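If you want the building blocks of each chain, they are given just below.
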Amino acid sequence: RSPRARYAAACLALFALLVAFGVTLVRVLPEVVRNRHTIQTPAFLSLDLAAGTDVTRFPTSALAALVPWLAPFWMVGVWVFYLRQAGGWIAVRRLRRRGVCSAPADWRTELAELSARLRISRPVLLLESCLADVPLVLGHFRPVILVPVGLLAGLPAAQIEAILLHELAHIRRCDYLVNLVQRCIEGLLFYHPAAWWISRVIRAERENCCDDVAVALTGNAHEYASALVTLEENRWTGREPAMAATGGSLVNRI
């Protein structure tokens, strides 16, 4: 029943897939190097050619012909995935420099007090953005919280405090850095359905963990749920590299 336990289990599962990938590579690579001039057929596709078997009668011969194309296919897929992620990262970084202004002094002071409650030692910058649709966190070493222009004046103070606590929880848990590592693993294992399922679990439970922090510190789950509903009206999901307050399944979170 604990989101933290489910999150930890999903992270360990994704890391286990990466370890299995690396162990397989280390074990297979020396054999490939030794036989680099010969196309090798995996053992599960090998046929007893010495007995004069007609390989044309077996569908495994067609599968064996596809084996040399698997590595190039994987390499192209990894490059496409990483280039797409690089484009998203560049777009998110632009949000930090374009169309932003400093938040009111009262809310900057409030953010510093909330950071102290969460024992965050790094300074956190609070900016208003005319390009951001929802509150989100950028960066790990020099984190920035972006909020849409008008949000700080348009929502009740209790709801804004809960939203800021949610974003600060991402910073406290180093979720931005973990998300980057997660996407690197996704790129290597883009072909693996289990990797994508585990990643979805990680993202959902990550939001649940931050929701628990916000509710525990504010003590008002209904007020926080109302804030999430308000944010959902302006939601746009095109900035995955950022830690947005509307991530995951909003209905399940509420």
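These remarks concern the structure in this document. (Residues numbered from 1 in each chain as written. Predicted model: local features only at pLDDT ≥ 70, side-chain atom pairs only at ≥ 80, totals over all residues. Heavy atoms only, no water.)

Turning next to the overall build of the protein chain. Scanning the protein chain from terminus to terminus reveals 9 helices and 5 strands. Listing the helices and strands of the protein chain from first to last along the sequence gives α-α-β-α-β-β-β-α-α-α-α-α-β-α. Buried residues in the protein chain amount to 36% of all 254 residues. Sequence separation of 24 or more characterises 71% of the internal contacts of the protein chain that already satisfy a separation of 6 or more. Here the protein chain displays about 14700 Å² of accessible surface, and carbon together with sulfur accounts for 64% of that area. (Helix = DSSP H or I, 4+ residues; strand = E, 2+ residues; numbered from the N terminus. Buried < 20%, exposed > 50% of the residue type's maximum accessible area, 1.4 Å probe, protein only. Contact = heavy atoms within 4.5 Å. Areas by Shrake-Rupley, 256 points an atom, 1.4 Å probe, with all protein chains shown as cover.)

The phi angle at arginine 119 is positive, at roughly 60°, despite the residue not being glycine. Its relative accessible area of 67% is what places arginine 119 among the exposed residues. If you check the backbone angles, cysteine 174 has positive phi at about 60° while not being a glycine. Note on placement: cysteine 174 falls in the loop between helix H5 (157–172) and helix H6 (175–188).

Given a rise of 1.5 Å per residue, 14 residues ought to cover 20 Å, and the 20 Å separating the end C-alpha atoms of H6 matches this to within 8%. Restricting attention to buried positions, one finds in H6 the residues Asp175, Tyr176, Asn179, Gln182, Arg183, Ile185, Glu186 and Gly187. (Expected span 1.5 Å × (residues − 1).)

A word on the packing of H6 against helix H7 (residues 193–218). With their axes 11 Å apart at the nearest point, H6 and H7 run at an angle of 170° to one another. Classed by the angle they form, the pair H6 and H7 counts as roughly antiparallel. On H7, the residues touching Asp175, Val178, Asn179, Gln182, Arg183 and Glu186 of H6 are Trp196, Ser199, Ile202, Arg203, Arg206 and Cys210. Here the residues of the contact of H6 with H7 are counted per class, giving 4 nonpolar, 3 polar and 5 charged. (Axes fitted to C-alpha atoms, helices over the stretch in contact; angles between N-to-C directions. Parallel < 35°, antiparallel > 145°, perpendicular 65-115°, else oblique. Nonpolar A, V, L, I, M, F, W, Y, C, P; charged D, E, K, R; others polar.)

Take the pairing of strand S4 (residues 144–148) next. On a regular strand, each side chain points to the face opposite its neighbour's, so the side chains alternate between the two faces of the sheet. A large share of S4 lies buried, amounting to 5 of its 5 residues. Of the two faces of S4, the one carrying Val144, Leu146 and Pro148 and the one carrying Ile145 and Val147 are both buried. Bridging between strand S2 (residues 125–129) and S4 involves 5 bridges; their strand directions are parallel. Looking at the pairing, leucine 127 lines up with leucine 146 of S4. Sheet topology note: the strand S3 (residues 136–138)/S4 ladder contains 3 bridges and is antiparallel. Among the inter-strand pairings, valine 137 is bridged to a residue of S4, identified as isoleucine 145. Linking S3 to S4, which pair antiparallel, is a turn of 5 residues; within it glycine 139 sits at a positive phi near 85°. (Pairing = 2+ DSSP bridges.)

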